[in-house]
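Examination of the molecular architecture
Residue strings, one per chain:
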Amino acid sequence: MDSTGTESSAGTGAEKGKAAVSFTKATPAPNPAPTTAEAPDIQSHDTFVIKKKLSLTAGEYVVSVARPDGSEGEPVAYARERRLSLRGQVTVYTDASRKSVLAAFKGRDHEVGYMYDVRDASGQSFGSFYEDAGASFLRRTWQVRQPGTMKLTGRERSRVVAFVRFVWEFVPYLEYVPFIWPYRFKYTESGKPLMTVTKKLGLHTRYVLEILAPDIDRRLAIAHTLALDALEVD
């Protein structure tokens, strides 16, 4: 071919190359589906405030990051417990729209009584907890398990409050009323304190969750704190 024909053919190839590049850039790759780990980022926080609002048919909880002064900061989770639902079934959501699940727990029969499995949005279990019936006779005691990481024992700190709670549960009709007195649970592993849950005294039910170990899954800790309240009158 002559030089004119060669230049024309080369130009056609370049134009095809440019067209191919242009077509590739015009088709963006699909965005990955959002996951519960992305929103909200709760693992970087150590202290949370859980506040409960009452209604006739349900208990609604708002979980917020605690500010340095102890007040409620940014909300990071929401939960709603239907009082007529199956025992101990609570779902925790990432926001008030309740469209994205952060965690959920539900009780099941077990040799220790009731075991509560905590699962993510896909149904995968990442922790569990149960009340230690034998130890709870004197002071309410819970066992919290995070597979492959730690085993926490949570015990009510005050013997006096524990005794008052014990008597409360045997007074007629009071067993159906939430225990209103403030209390504190201390969670340890091999004697080392790793987490605390404190129920505050006030017009509204309010808890402060403080986590002292970076490896504790915040979703598990929040779910268990909600259970301390939701299971009080079960």
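Keep in mind the model is a prediction, meaning the values are calculated, not measured. (Residues numbered from 1 in each chain as written. Predicted model: local features only at pLDDT ≥ 70, side-chain atom pairs only at ≥ 80, totals over all residues. Heavy atoms only, no water.)

**A look at the nonpolar core**
This is how the line gets drawn: Grouping buried Ala, Val, Leu, Ile, Met, Phe, Trp, Tyr and Cys residues that are joined through side-chain atoms within 4.5 Å yields what is termed a nonpolar core. The rule is simple: take the accessible area with a 1.4 Å probe, protein chains only, and divide by the maximum for that residue type; under 20% is buried, over 50% is exposed, in between is partly exposed. Every helix listed is a DSSP run of H or I at least four residues long, and every strand listed is a run of E at least two residues long, numbered separately from the N terminus.
Membership of the largest hydrophobic core comes to 42 residues, with the highest contact counts inside it found for Phe48, Phe105, Phe129, Leu209 and Ile216. Broken down by element, the residue count for this core peaks at eight residues, all from helix 3 (residues 218-230).

**So, helix 3**
So the rule is basically this: Working rule for helices: expected span equals 1.5 Å times residues minus one.
Its 13 residues give helix 3 an end-to-end C-alpha distance of 18 Å, which sits within 8% of 18 Å, the value for a rise of 1.5 Å per residue. Burial analysis of helix 3 places 13 of its 13 residues in the buried class, the great majority of the element.

**Considerations on the confidence of the model for the chain**
Under the convention used in this document: A score between 0 and 100, pLDDT records how confident the predictor is in each residue.
With 68% of its residues at a pLDDT of 70 or more, the chain has an overall mean of 78. The secondary-structure element of the chain with the lowest mean pLDDT is helix 1 (residues 3-25), recorded at 41, while strand 8 (residues 141-146) shows the highest, at 96.

**As for the packing of aromatic side chains**
Just so we agree on the cut-off: The aromatic pairing rule takes the rings of Phe, Tyr and Trp, using the six-membered ring of Trp, and pairs them if the centres are within 6.5 Å, calling planes under 30 degrees apart stacked, those over 60 edge-to-face and the rest tilted. Ring-over charges, as used throughout, are those where CZ of Arg or NZ of Lys falls within 6 Å of the ring centre and within 35 degrees of the ring normal.
Within this structure, the stated rule accounts for nine aromatic pairs. Both rings, one in Phe105 and one in Tyr116, keep their centres 6.3 Å apart while their planes meet at 80 degrees; by these two values the pair is edge-to-face. Of the two residues, Phe105 is situated in strand 5 (residues 101-110) and Tyr116 in strand 6 (residues 113-119); the sequence distance between them amounts to 11 residues. An identical accessibility class is assigned to Phe105 and Tyr116; each is buried. Between Phe105 and Phe129, the aromatic rings sit 5.5 Å apart at their centres with planes inclined by 65 degrees, giving edge-to-face as the arrangement. You can see Phe105 sitting in strand 5 and its partner Phe129 sitting in strand 7 (residues 125-131), a full 24 residues away along the chain. Each member of the pair, Phe105 as well as Phe129, is classed as buried. An aromatic cluster is defined as three or more aromatic residues linked by ring pairs; in this entry it consists of Phe105, Tyr114, Tyr116, Phe129 and Trp142. Just above the ring of Phe126 sits the side chain of Arg219; from NZ or CZ to the centre is 3.9 Å.

**Considerations on unusual backbone geometry**
The backbone of Arg98 shows a phi angle near 60 degrees, a positive value even though the residue is not glycine. Take Arg98: it is sitting in the loop between strand 4 (90-93) and strand 5.

**What to know about the pattern of salt bridges**
Pairing between side chains of opposite charge can happen when the charged atoms of each approach one another. Formally: Salt bridge, as applied in this entry: a Lys or Arg side-chain nitrogen positioned within 4 Å of an Asp or Glu carboxyl oxygen.
Considering all chains together, one arrives at eight salt bridges under this definition. We note a salt bridge from Asp46 to Arg218, for which the minimum N-O separation is 2.6 Å. Here Asp46, found in the loop between helix 1 and strand 1 (47-54), pairs with Arg218, found in helix 3; they are 172 residues apart in sequence, far enough to count as distant. On the basis of relative accessible area, Arg218 is assigned to the buried category, the value being 1%. The closest approach of N and O atoms between Glu72 and Lys51, which form a salt bridge, is 4.0 Å.

**Considerations on the environment of Val62**
Applicable threshold: A contact between two residues is defined here by any heavy atoms of the two lying within 4.5 Å.
Looking at where Val62 falls in the secondary structure, it is placed in strand 2 (residues 58-66). Measuring from C-alpha to C-alpha, the distance between Val62 and Pro75 comes to 6.8 Å, with 13 residues separating the pair along the chain. If we skip the residues at most four places from it in the chain, Val62 touches Val49, Ile50, Lys51, Pro75, Ala77 and Tyr78.

**Considerations on the side chain of Gln143**
Formally: Any pair of nitrogen or oxygen atoms within 3.5 Å is treated as a polar contact; in protein, a donor-acceptor pairing is required on top of that, and neighbouring residues in sequence qualify only through side-chain atoms on both sides.
Mapped onto the elements of the fold, Gln143 is located in strand 8. Judged by relative accessible area, which is 8%, Gln143 ranks as buried. Polar side-chain contacts of Gln143 include one of 3.2 Å to the side chain of Arg145. Within the local environment of Gln143, its side chain forms a polar contact with the side chain of Thr153, the two groups lying 3.0 Å apart. Ignoring sequence-local partners within four residues, the contact set of Gln143 consists of Ser128, Phe129, Tyr130, Asp132, Leu152 and Thr153.

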